Amino acid sequence: MNTPPSPLVAERTDGSSVRIGALVPLTRPGWIQAGRHLLAGLELAVRDVNAAGGIAGRPLELVVRDTAADPQRAAAAVDELARLGVAALAGEYHSVVARAAAARADALGLPFLCSSAVLDALTEQPTEWVARLAPAQSHGWQIYADFLLSAGHSRIAVAVQPSVYWAAGARILRDRLAPRGGTVIELDMRVLDPMAVCDELVDNRASALLLLVGHPEPAVSIVKSVRRDQRLAGIMIGAPAGQPEFAEWATSLGDDSAAIPFLRYLPERLTPLGVRVETALRERLGAAPSFVAFEGYDTVAVLADVLRSHGADRACTTETWPRVAVEGTRGQIRFSRTPGISVWQWAWPPVQVVDRDPAEPDRFRILHAG
């Protein structure tokens, strides 16, 4: 079932508004907390744009559709939003879902600014219609691999579930680590339970285990099993995809949630705009905003700038990507063509490896920056 437009922006339906379609995971099996943060950022930016006069005097309207982490549902939503006459698409968190949405947007000639998905091959062929704010997976995960080496880890086990995204992550890690003497051992979670994972870690003498699996399960069960196995007292658990970013992780795992490094796309210091937005997002969410919320805000900030410059003509939007220069919450946003990336790419957002502080799990420690 389609999610109705957000109450924040549903008041204007007389055709005078400029509409942006928003793709967000708001129900299971989507990562609901990530979707909430993404939507909070999108909605806050729409509010700010309208408070500043909208788009040439016309209000900006967000038309929200729940993807529920379902690629087919996302593609159908793109078709519907295109029929509704949206000027552009924004959002999505899950890479496989964003890939389906991007393919459909490209086929329909509908501009899509992807907020959070990182899969390198967001489209099969180069496209003018799609741009992305999040760093490509190869960029961020290479930085994570460098962190592992700098921390002294060369025998890395990865607990993997079947997915284009997880398979790409494992390949990026292997390609980065192998030339420097690192070894990646894949543990197939289709045939292993958490206790068997512990046995494999001991047998393979791994010094680190990376979770390339879904949340909450089997990620939470794996962490609990490894933490309780005395044979593995010295092993590092990592989650490059960012599962520990959200409060749900700490709620599920308690003290076990700490000291699990993950990728986060924030600078050491936010821009002045970012500081203001952080305060407003914290009030809106009732908690510290994740990097995903800032990605949502920056998405609308960029699209509003594009729409102010060239109106709601879809074709004009694609001509604008290389001319974008927007001061976002995390730095100046510009798009370019990057080798190996099929869409217009912000190269690059800030990338950090962080974890939750064991002494204070609500506080994040920056371990490495790229």
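From a predicted model like this one, the values you see are computed outputs, not experimental measurements.

Undergrad: Looking at this model, I keep getting lost on the nonpolar core. Mind explaining?
TA: For soluble globular proteins, the rule of thumb is that nonpolar side chains tend to be buried together. The biggest cluster of nonpolar side chains holds 79 residues, and the ones touching the most others in it are Leu60, Trp141, Leu210 and Phe335. The biggest single contributor to this core is helix α10 (residues 291-310), with 12 residues. If near-sequence neighbours (up to four positions away) are discounted, Leu210 is found in contact with Tyr144, Leu148, Ile156, Ala157, Val158, Ala159, Leu173, Met236, Gly238 and Pro240. Membership of the second largest hydrophobic core comes to 25 residues, among which are Met189, Ala206, Leu209 and Val213.

Undergrad: Is there a simple way to think about the sheet that holds strand β2 (residues 60-66) in this case?
TA: Paired through backbone hydrogen bonds, the strands of a sheet run either parallel or antiparallel to each other. On the basis of which strands lie adjacent, the open sheet formed by seven strands has the order β2-β1-β3-β4-β5-β14-β13 and mixed pairing. Looking at strand neighbours, the two that pair on one side only are β2 and β13 (335-336), the edges of this open sheet. Inspection of the sheet shows β13 paired to strand β14 (residues 344-346) by two bridges, in the antiparallel sense. Bridged to Ser336 within β14 is Gln345. Running at roughly 160° to strand β4 (residues 112-114), helix α3 (residues 95-108) makes contact with β1 (18-24), β3 (88-91), β4 and β5 (130-132) of the sheet.

Undergrad: Where do I start with unusual backbone geometry in this structure?
TA: Most peptide bonds take the trans form, and the phi angle of most residues other than glycine is negative. The linkage connecting Arg28 with the following residue, Pro29, adopts the cis geometry, with an omega of 5°. As for its position among the elements, Pro29 is in the loop between β1 and α1 (32-51). Residue Trp348 is reached from Ala347 by a cis peptide bond, and omega for that bond is 0°. With respect to the element layout, Trp348 can be found in the loop between β14 and β15 (352-357). A positive phi angle, close to 60°, is found at Ala69, a residue other than glycine. Its place among the elements puts Ala69 in the loop between β2 and α2 (71-84). Residue Arg205 is not a glycine yet carries a positive backbone phi of 55°. Within the fold, Arg205 resides in the loop between α6 (194-203) and β8 (208-212).

Procedures and definitions
- Residues numbered from 1 in each chain as written.
- Predicted model: local features only at pLDDT ≥ 70, side-chain atom pairs only at ≥ 80, totals over all residues.
- Heavy atoms only, no water.
- Core = buried A, V, L, I, M, F, W, Y, C linked by side-chain atoms within 4.5 Å.
- Buried < 20%, exposed > 50% of the residue type's maximum accessible area, 1.4 Å probe, protein only.
- Helix = DSSP H or I, 4+ residues; strand = E, 2+ residues; numbered from the N terminus.
- Contact = heavy atoms within 4.5 Å.
- Pairing = 2+ DSSP bridges.
- Axes fitted to C-alpha atoms, helices over the stretch in contact; angles between N-to-C directions.

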